[in-house]
Structure formats: C-alpha cells, structure tokens
Amino acid sequence: MKGEGKMVFKSKMKWVGLLGLVLSAISLFVHFLLARFTEGGVSEYHSSITIFPRRTIGESLNFSKTSPMYRRLWGPVRHLESLHPNANPRGHYADPGSDTSGFIFVRIQGGFHEIRNSICDVVVVARFLNATLVIPEIQSTTSSKGISSQFKSFAYLYNEDQFMAALSKDVKVVKTLPKNLKGLRRKKNIPVFKVPYSASPYYYKRHVLPILKKHLVVELVVSDGGCLQAILPPDLEEYQRLRCRVAFHALRFRQEVQELATEILHRLRAPGQPFIAFDPGMTREALAYHGCAELFQDVHTELIQHKRHWMIKRGIVKGKLSVNSAERRLNGSCPLMPEEIGIVLRAYGYLWDTIIYVSGGEIFGGQRTLIPLRAMFENVVDRTSLSMPWELSRIYGREANLVDRNPGSPPMIEEEMKIEAWKTAGPRPRPLPPPPARPKSYNIEGWWGWVAESDNEPDSTVMELRTNAHKLLWEAIDYVICVEADVFIPGFDLDGKGHPNFASLVMGHRLYQSAASKTYRPDRKKVTKLLEEIRDHLYHANHTWLMSVRKNLRKRLVDGVIEASARSKPLSFISHPVPECSCLRHDPAGKSINATTSDHTSTSTSHSQVLAALGVVHYCPSWMENDLILQSKDKENEETLDEDDSTSSGLFFRKNNGYHEGGNGDLSNKEETQLEDQEELEGGER
C-alpha cells in the first residue's frame, strides 16, 4: 500500500510540474504579445508628448497662418511660385524597341548621393545605347558582411518593381542577366569598363557600343558618383528629362523604409506646427577634402588630417596637408557649424520652440557639436528620437547577432618552436619561457583610438561594415523628411570629392517638386563674415546686424537657386533640374502671375528677371493648367506685407511670450517697427 501511495504521489507531482511548464509558456507568450503590440503606442506617446511640448507656437504667440510673420518664416517664395514640375517628353520620343544592342550590367560604389546620381546616369546611358539595363548592383550592400540576406543589392534600398514599371516607356529593364551571360560573368569572361567620372555620351558611343554589340553584354563599374556629364548638348535635352523621371519618379524606396519615413513625418507634424529640416553635411571626408581640420579639437583634428593625408597619397586632393582652416572658413569653403546655423535661424525670426529635424547618417564630432543648437532650440530631434529601436531593426531585415570577439592573432611558428625547445632543453634550471605577446590595446576609448598608437587606420570590422550599409537606410529616411519639410537649410552642400552632396540632391528634389517651398541656400562666405563682426558678443546682436542677416537669407532664397545653375548643375544635373524639367504656369490674360495690377509693376519685372535667369520659357501643357490653382487677388494684395516684421532684435535668445524678444534701447518700439518695415520692403526678394 505504501508503494502504491508513493507512485500516486509521484504521478501527481509530474502533472503539477507539467501544468506549471504549460502556464509558464503561456505567460511568456502573452508577455511577448504585449511587448510587440504596445511598442507602437509607446512610440506615439514618446513622439507626440515627450519630445514636443503640449503648448504649440500658435498658442504661445497667437501665430496665425495668415499673419505676415508666419508668411515670412514659412510661406512660399513668391518669385518661384509659377514653376511646376514637368518631366514628360516634349517632342518625338519612341518607346524602347524589342531589339536592343545588348545587356548593360552595372556595379555602383559609393554613398547614398553617389548611388542616386549614378543610377540616373546609367539609365540614360542604356537609353542612349539602346541597351537593356540589368538592375544595378549596389556594392555598399552586396560587399558588406553581416547584413540581412532578405534584401539583395538594389532591393536593399529601392523598390525594384516600381523602378521597372516607371521606366517601361523609357528603357528596357530586367532583374538579372540571362543564364548563359550570367555564367560568363561568373567566369569573368565579359568586357568590363571602369568608366570615368562625368564621361561624354560620345565616349559610350565610341568605346562601349562596339564592344556591346560584339559581346552582347558589358559590365560598367561606376565609383565616383556619376558616369555621364551633367550638362548634355541641346539635342539631348530629352535625356535630361529622363534623368528627372528616374530621380523623382522611378527611384522609390522599398516599402518598409518608405513606411517608416512616412510615420516619422507624421509624428513630426503631430503637434500641428511646421518644422525645419537641417542637414549639417559634416562628414570626415568632406572636412578633410576641403581642409577644415582646425574647426575641431583634439583627436578629431588628427582624424581629419589622417584622412587628408590618405587623399593626397591617392591623388584625390592636390593641395598640401597643412591648410589654414580659418582662412578656408572665411572663404566659405568649410561647413557652417550647427551653432552658426542656429544663430542665423534665430536672427531671421525663428523662435526657441521651433521644431528642427537634424538629418545625416554621420555628424562628425558627435552629438557634442549639436549642444549649442539644442541650447537655442528646445525641439531639436532626429531619426532616433522619433522612432523606436524595433522600428529601425525591422527595416534592416533578419540579421544575425554579431559578437565582437578579439581572439588575437595565432602565435608565430618561431614562438611555438621556442616554447617546444624550452620544454625539451637540457637539465634544469633553465631560463623561463618567452612571455606571450602583449595584446594591442588603445589608450583612448572609441573606434578612433588607433590614432594615438598607429599611423595606419585599421580595417573595418564586420559591425562597421554593417553600419555602413545601415547608413544608406538612415539617409533614405532623412531624404524623404527633408524633401517634405516646410523649410530646409544645409550646413554644407559639397562632399568629400568636391561634388554636390546629400543636401544638394534634396534641394534639387525640392526645386523640382515644389520650387516655391522655402529652401535656404546660405552664402557661407557672407554668413561667416557677419558672424565674425559680432564674435565678441555673439548672442547679443544689434538691430542693424539682424537686418543684415535677414536680408542675406531672404535674398539667397532666389539668388541661391540662380547660383546653383552655375555651381552645382555642371557637377550633378539632379541637384538643379531647372529649366529642363520645369514649366511655367500660363496666364490666359498674358500677364505675369504677380502683375494683375499696375501696383505690382516692379514686382512683375523682378519676377520676369528671375525666370529669365533660370532659363524657364516652356509653359505648362493645358492638361496641367486645369489642376493648378491660381492665386487669389487677396493673396496678391497681402504680398506687400510679406516682409513686414517687427520681431526680435537686440538680445534675440530670450524666451518671451510676445513677438518682441529684446530691444536696442536707442529706438522706441514704434520707431523701430517703422524702420524695420521700410528696410524689409526695400530689400525684398529679387
């Protein structure tokens, strides 16, 4: 009986244990579900309540959208309102035929803006040679170890199906080479061209086309951010519009990236107020190329100089290693620091609670360079503060966990022989065995610690290669947000090769999509000169200085666009796609959109001068006219007040609840307002 009782007790204990395991499993499952489906709610709460204050600008300042102050800060640029996107063919343009010269396979190397430029170029080359384009291979993803195999090459960043569908009437695009040609490529039996930067279209007709027709396939290696000259002859103008169709219509980011960018944009707009997008453009390569090392201190200067030395050895930089960075800065050759951008924005009239989105996959110098900007504006945010970690992880795909292990190099054969000889040596006592090699360690914490102990930069780890691939996705998110921002301002518009950078492509996209949207293109030389004038009292500017900054920024809204046609366009067409990809809104009465009355004669003349300088003469087709909303007479009459501003002067960083944030003390408020209104109107937009 006792034995039977023990058996029953043991069986009951087993059932109890099994029940406990089942309940534990159910509990874990419920916890995972709760964690998964509540993160979105936490993210919404984090973005709409924690990051931005409950009080909006409109509540604190009675800041209505119809006020002159609001129009000056956030309103459209008047002289560019008549420009509209029009990248459709304007003459005879045949669909791609079934008979092609062969297949073009492309490998693209570089960063985000270089990849985007190169893709536009290779599509035009394929059309020019009447060839079939294979979906380009992005080396930044295919050569990186540790990234997800879920998304391959082009599909890691862009939507392949959208790309092929959007270009169906322009060029024949396929995803892969035919099997026989694919086998030849694996055996490296197909011709390879490492095409030069900004090559002439006739280079391809003379050198590439004969080989393409002979072998039916060629491989192009594009490494400098473009393989076709930016400005094409007038008879090839349709190819320029093809570039616009590629850059602004065919190149859409893959669904996961686009959805996250849209969600972050929604969270930015949740408080119901406009926002500024700011791209610092401060990469190590750009700072090294332009000789701006002395803008930083300590090890950061050494890192920039090391990179410049590397560029000089490879012929990328023709100058000397030691450069007077202060002189370069005064010449406008160096980026405007975040602090300087903050001062300029505050001087223009943007208040301390304005939302500023900081873009960029890398800000050299780290977050400490943004401290002054955060001190001037309380709502400085970026991609990481507006998204949850799991949201970013989702766009990376399924990646294996990487553990940084430093097993150390295996012992040398000679050392092994010495140890073995010591063991088999003669009678004791004998000398101690050689000590093991001391593992190399860095005296300075961080990835840049090698500078203190070595002249050679270490090879990238697997984790760093993965991060480089992730930067493409980060910049894709930033690109969408910067293009859609109410206001955009760059700190720098050149990259580490002297070519237009990320910010330049954003400004080109904004110029195409919505030319009148406020896009500041500050004259770095002029801004630096103005900042030097008040270097001793940087945060206590007087009224005259504030007016100078405002006039300069306002003037650059239009002058910067005109200047870009001479500076940026010869290096990258999609950074300035005007006039080829734009059209003018046609006024049936034959008058300028701003010249409906004799009161606007001077404005009309200025407007026509701007359009003439940009070279825009093509009027929008009739089917577009029906969709364009004409400006109301009320708005035209209000434009004379657009420059009215009686806001900040003097100590312009004080947090007040009114429009006026400080004063000179020399002028009464009424006199100062009248003087400022007069100066604003006289120095209005060209």
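Residue positions are counted from 1 within each chain, in the order its sequence is given. Local features are withheld for residues below a pLDDT of 70 in this predicted model, meaning they are given only at 70 or higher, and side-chain atom pairs are given and counted only at 80 or more; totals for whole chains, interfaces and linings count all residues. Only hydrogens and water are set aside; all other atoms, that is, all heavy atoms of the structure, feed into the side-chain values.

Under an unreviewed UniProt entry, the protein has the name O-fucosyltransferase family protein and belongs to Prunus mume. The Pathway (unreviewed entry) field of the UniProt record for the protein holds the comment "Glycan metabolism." UniProt positions are given in the numbering used here, feature names are shortened, and annotations may be inferred rather than shown by experiment.

Draft legend 1. Focus on helix H10 (residues 237-250). A run of H or I in DSSP becomes a helix once it reaches four residues, and a run of E becomes a strand once it reaches two; helices and strands are each numbered from the N terminus. Every helix has an expected span of 1.5 Å times one less than the residues it contains. The end-to-end C-alpha distance of H10, which contains 14 residues, comes to 19 Å, matching closely the 20 Å that a straight helix rising 1.5 Å per residue would cover. Burial here depends on accessible area, computed with a 1.4 Å probe over protein chains only, as a share of the maximum for the residue type. Under 20% is buried, over 50% is exposed, and the range in between is partly exposed. Of all 14 residues that make up H10, twelve are buried, and the element is covered over most of its length. Any two residues whose heavy atoms approach within 4.5 Å are treated as being in contact. Check the buried side of H10 and you find it contacts helix H4 (112-128), helix H7 (160-166) and helix H20 (502-513).

Draft legend 2. Region of the structure containing the pattern of salt bridges. The salt bridge criterion pairs a side-chain nitrogen of Lys or Arg with a carboxyl oxygen of Asp or Glu, the two atoms within 4 Å. Evaluation of the coordinates by the stated rule reveals 25 salt bridges. Measuring nitrogen to oxygen at the nearest pair gives 3.5 Å for the salt bridge that ties Glu114 to Lys497. Linking Glu114 in helix H4 with Lys497 in the loop between strand E11 (487-490) and H20, this pair joins segments that are 383 residues apart in sequence. Assessed through its relative accessible area of 10%, Glu114 is described here as buried. In this structure Lys497 comes out as partly exposed when scored by relative accessible area, which is 28%. A salt bridge links Lys175 to Asp161; the shortest N-O distance between them is 3.3 Å. Of this pair, Lys175 sits in the loop between strand E5 (173-174) and helix H8 (179-186) while Asp161 sits in helix H7, and the two are 14 residues apart along the sequence. Exposure remark for Lys175: the relative accessible area of 43% places this residue in the partly exposed category. Salt bridges sharing partners connect three or more residues here, namely Asp493, Arg524, Arg556, Glu563 and Arg567.

Draft legend 3. Expanded view of the packing of H4 against helix H19 (residues 462-484). Note on geometry: axes are C-alpha line fits, over the in-contact stretch for helices, and angles between N-to-C directions span 0 to 180 degrees. Interhelical geometry of H4 versus H19 gives an angle of 75° and a closest axis separation of 10 Å. In this view, H4 runs roughly perpendicular relative to H19, as classed from their interaxial angle. Contact residues: H4 offers Phe112, Ile115 and Arg116, while H19 offers Leu472, Glu475, Ala476 and Tyr479. Three classes are used: nonpolar for Ala, Val, Leu, Ile, Met, Phe, Trp, Tyr, Cys and Pro, charged for Asp, Glu, Lys and Arg, and polar for all others, with Gly counted as polar. Partitioned by chemical class, the residues of the contact of H4 with H19 number five nonpolar, no polar and two charged. Roughly parallel covers angles under 35 degrees, roughly antiparallel covers those over 145, roughly perpendicular covers 65 to 115, and oblique covers all other angles.

Draft legend 4. Structural detail: the packing of aromatic side chains. Here a Phe, Tyr or Trp ring, Trp counted by its six-membered ring, pairs with any other such ring whose centre lies within 6.5 Å, and the pair is stacked when the planes are under 30 degrees apart, edge-to-face when over 60, and tilted otherwise. Under the criterion given, the structure shown has 17 aromatic pairs. Judged by centre distance (5.1 Å) and plane angle (75°), the rings of Trp74 and Tyr350 are edge-to-face. In this pair, Trp74 is assigned in helix H3 (residues 68-74) and Tyr350 in the loop between helix H15 (338-348) and strand E9 (355-358), connecting sequence segments 276 residues apart. Between the aromatic rings of Tyr348 and Tyr350, the centroid separation amounts to 6.0 Å while the plane-to-plane angle is 25°, which identifies the pairing as stacked. On the accessibility criterion, Tyr350 (1% relative accessible area) is buried.

Draft legend 5. Representation of the nonpolar core. Grouped together as the largest cluster of nonpolar side chains are 92 residues, with contacts concentrated most on Ile104, Phe163, Tyr204 and Ile477. Among the elements that make up this core, the one with the highest residue count is H19 (eleven residues). Excluding residues within four positions of it along the chain, Ile477 makes contact with Val257, Leu260, Ala261, Ile264, Tyr357, Arg383, Leu392 and Ile395. Working definition of a nonpolar core: buried Ala, Val, Leu, Ile, Met, Phe, Trp, Tyr and Cys residues. They are joined through side-chain atoms within 4.5 Å. Grouped together as the second largest cluster of nonpolar side chains are 50 residues, Tyr70, Val344, Leu373 and Val610 included.

Draft legend 6. Seen up close, the state of the cysteines. Disulfide: a pair of cysteine sulfur atoms within 2.5 Å of each other. Under the criterion given, the structure shown has three disulfides. Note that Cys292 is cross-linked by a disulfide to Cys334, the S-S spacing being 2.1 Å. On the sign convention where negative means left-handed, the S-S torsion of about -100° between Cys292 and Cys334 marks this disulfide as left-handed. Of this pair, Cys292 sits in the loop between helix H12 (284-289) and helix H13 (298-313) while Cys334 sits in the loop between helix H14 (325-330) and H15, placing them 42 residues apart in sequence. Cys292 gets classed as buried once you look at its relative accessible area, which sits at 0%. The disulfide that involves Cys583 links it to Cys620, with 2.0 Å between the sulfurs.

Draft legend 7. Inspection of the side chain of Arg254 at higher detail. Residue position: Arg254 is located in the loop between H10 and helix H11 (255-269). N or O atoms within 3.5 Å of each other form a polar contact, as long as, within protein, one can give a hydrogen and the other can take it, and as long as residues adjacent in sequence are counted only when both atoms are side-chain atoms. A polar contact of 2.7 Å, which involves the side chain of Arg254, links it to the backbone oxygen of Tyr156. A distance of 2.4 Å separates a polar atom in the side chain of Arg254 from the backbone oxygen of Ile395. Ignoring anything within four residues of it in the chain, the contact list for Arg254 reads Phe151, Ala155, Tyr156, Leu157, Tyr158, Asn159, Ile395 and Leu473.

Draft legend 8. Looking closely at empty space enclosed by the protein. Cavity means a closed set of points on a 1 Å grid over the protein atoms alone, one where a 1.4 Å probe fits but cannot get out, pocket means an open set with protein on both sides within 12 Å along at least 5 of 7 lines, and lining means a residue has an atom within 4 Å of a point. Grid points are joined across faces, edges and corners, and a volume is the space filled by probe spheres set on the points. On inspection of all chains with the given rule, the structure shows six cavities of 30 Å³ or more. Forming the walls of the largest cavity are 16 residues, and the residues nearest its centre are Asp121, Leu228, Ala230, Leu571 and Ser572. Among the elements that make up the lining of the largest cavity, the one with the highest residue count is H4 (three residues). Of the residues assigned to the lining of the largest cavity, the class counts are eight nonpolar, six polar and two charged.

Draft legend 9. Expanded view of unusual backbone geometry. Cis geometry marks the peptide bond from Val578 to Pro579; its omega dihedral reads 10°. Summarising the element assignment, Pro579 is placed in the loop between helix H22 (543-567) and strand E13 (582-584). Positive phi outside glycine occurs at Asn130, with the angle close to 55°. Along the chain, the position of Asn130 falls in the loop between H4 and strand E3 (132-134). On the basis of relative accessible area, Asn130 is assigned to the partly exposed category, the value being 36%. Look at Lys188: it is not a glycine, yet its phi comes out positive at around 60°. Note on placement: Lys188 falls in the loop between H8 and strand E6 (192-194). Lys188 sits in the exposed class, given a relative accessible area of 74%.

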